[in-house]
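Each chain, written out:
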Amino acid sequence: MRDLSLMLLVALGGSLLVVVPGAVVLHRLQRRSITLNVLVLLIVTVLAVLAGILAVAAEMFIEPHDLNVILIVVPIAGGLSLLMAWWLGRRLARAAMWAQDAREKERLAEASRRDLVAWVSHDLRTPLAGMRAMAEALEDGVVSDRATVAEYHRRIRTETDRMASLVDDLFELSRINSGALQLTPTAVALGDVVSDAVAAAEPVAKARGIKLVSHTEVWPQVTASAPELSRVVANLLLNAIRYTPSDGVVTVTGGRDRDGGWFAVADTCGGIPEADLPRVFEVAFRGMRARTPGDGGGLGLAIVRGLVEAHGGRVAVENAGGGCRFTVHLPA
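Summary of the structure given here.

1. Some thoughts on the pairing of strand 5 (residues 260-266)
Side-chain positions along a regular strand alternate between the two faces of the sheet.
Here comes step 1: Within strand 5, 6 of the 7 residues are buried, which leaves the element mostly enclosed by the surrounding structure.
Here comes step 2: When strand 4 (residues 249-257) meets strand 5, the two strands line up antiparallel, connected through 7 bridges. In the sheet register, Arg256 faces strand 5, and the bridge partner there is Gly261.
Here comes step 3: Taking the residues that link successive antiparallel strands as the turn, the strand 4-strand 5 hairpin has 2 residues.
Here comes step 4: Two strands pair when backbone bridges link them, and strand 5 and strand 7 (residues 323-331) are joined in this way by 7 bridges, in the antiparallel orientation. Directly across from Phe263, in strand 7, lies its bridge partner Val328.

2. Side note on the sheet that holds strand 5
The strands making up a sheet are joined through hydrogen bonds of the backbone, oriented either antiparallel or parallel.
Here comes step 1: Spatially, 2-4-5-7-6 is the arrangement adopted by the 5 strands of the open sheet, whose pairing is mixed. Looking at the sheet topology across the chains shown, the edges are occupied by strand 2 (211-214) and strand 6 (314-320). Each strand axis lies, on average, 15° off the axis of its neighbour in the sheet, ignoring direction.
Here comes step 2: In the packing of helix 5 (residues 190-207) onto the sheet, the strands contacted are strand 2, strand 4 and strand 5, and the crossing angle to strand 2 comes to about 170°.

3. A closer look at the side chain of Thr327
Here comes step 1: Looking at where Thr327 falls in the secondary structure, it is placed in strand 7.
Here comes step 2: Residue classification places Thr327 among the buried residues on the basis of a relative accessible area of 11%.

4. A few points about the packing of helix 4 (residues 146-178) against helix 7 (residues 300-310)
Here comes step 1: At their nearest, the axes of helix 4 and helix 7 sit 10 Å apart, and the two run at 35° to each other. In this structure, helix 4 crosses over helix 7, and the sense of that crossing is left-handed. Contacts between helix 4 and helix 7 involve Asp169, Glu172, Leu173 and Ile176 from the former and Ala302, Ile303, Gly306 and Leu307 from the latter.

5. Concerning the packing of helix 5 against helix 6 (residues 226-243)
Here comes step 1: Packing of helix 5 against helix 6 leaves a shortest axis separation of 9 Å and a crossing angle of 35°. Remark: the crossing between helix 5 and helix 6 carries right-handed chirality. Residue-level inspection shows Leu190, Val193, Val194, Ala197, Val198, Ala201, Val204 and Ala205 of helix 5 in contact with helix 6, the latter providing Leu229, Ser230, Val233, Ala234, Leu237 and Ile241.

6. Focus: the packing of aromatic side chains
Here comes step 1: Following the criterion strictly, the structure yields 1 aromatic pair and no others.
Here comes step 2: A ring pair is formed by Phe281 and Phe326, whose centres lie 5.9 Å apart and whose planes are at 85°; its orientation type is edge-to-face. In this pair, Phe281 sits in the loop between strand 5 and helix 7 while Phe326 sits in strand 7, placing the two residues 45 residues apart along the sequence.
Here comes step 3: Taking the relative accessible area as the measure of exposure, Phe281 reaches 7% and is therefore buried.

Scoring rules and cut-offs
- Residues numbered from 1 in each chain as written.
- Predicted model: local features only at pLDDT ≥ 70, side-chain atom pairs only at ≥ 80, totals over all residues.
- Heavy atoms only, no water.
- Buried < 20%, exposed > 50% of the residue type's maximum accessible area, 1.4 Å probe, protein only.
- Helix = DSSP H or I, 4+ residues; strand = E, 2+ residues; numbered from the N terminus.
- Pairing = 2+ DSSP bridges.
- Axes fitted to C-alpha atoms, helices over the stretch in contact; angles between N-to-C directions.
- Contact = heavy atoms within 4.5 Å.
- Left-handed = near helix turned anticlockwise from the far one by under 90°.
- Phe/Tyr/Trp six-rings, centres within 6.5 Å; stacked < 30°, edge-to-face > 60°.

Following this line, the structure appears as structure tokens:
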């Protein structure tokens, strides 16, 4: 019994010679990588076992032959354990990074949702208040002359159309973000889509004194869903018209490169602040320039990016020629 107690004390003392400094090292490595911490922990464990065995062997509690066997088995088992620890540490590190990225994306998504709700609430509250005031004025007979009544009706219809457009944008964005968007890609003549979008935007451009120009004569074919691609072109054109001053020019160009087809919408808005360029496609991002109630909810460019990426393409923006240029690349 005395020998057993002495053996336990000697083994404990030998192991503590490794465990104590190992604990200090692990404490200092707590902010380092998970893989490194797991490896150091296992190294300390193996060395503590060896130190306890050597301490017991030094007190003649282990025969030389048995000691040799132990000193062969423990390093081999320890080496294999270190390999397993390295593999497990890498897996844990990847899982931790994935979880951190997921939390960060969820945090950003939640912040974006809160901003979107706030902005959309504002964009809906203002026209609704105006429509309610005009409807009450009509109902109470405050206005009676035909011209004013007709103007009130026109303004109510205009605000109703704008809110319906905003609701459509929200629905489209919801489909994109939820993965419910179903595309039917076919070979689409890009020139036809651009031509129809330019024709539809021409009255809006003329009303603002803006000239629409398309220089490209030969347009490529792209693989896309025609309705969604039409919306992409229309959103970019309306966005360019909205921010281009009177007597400005909005230019549409296109062509083919090694990746497929592309088209670009350029305006003369004066450019976008460099700090805002990476954020123009964010949901409801409005930038430094204040929008008027007729400018929409700031969803158009977010929808453009979502639809383009759903097609396997990409969209980019840059300042060029006294304005900004949005370029869309699509598969051929």
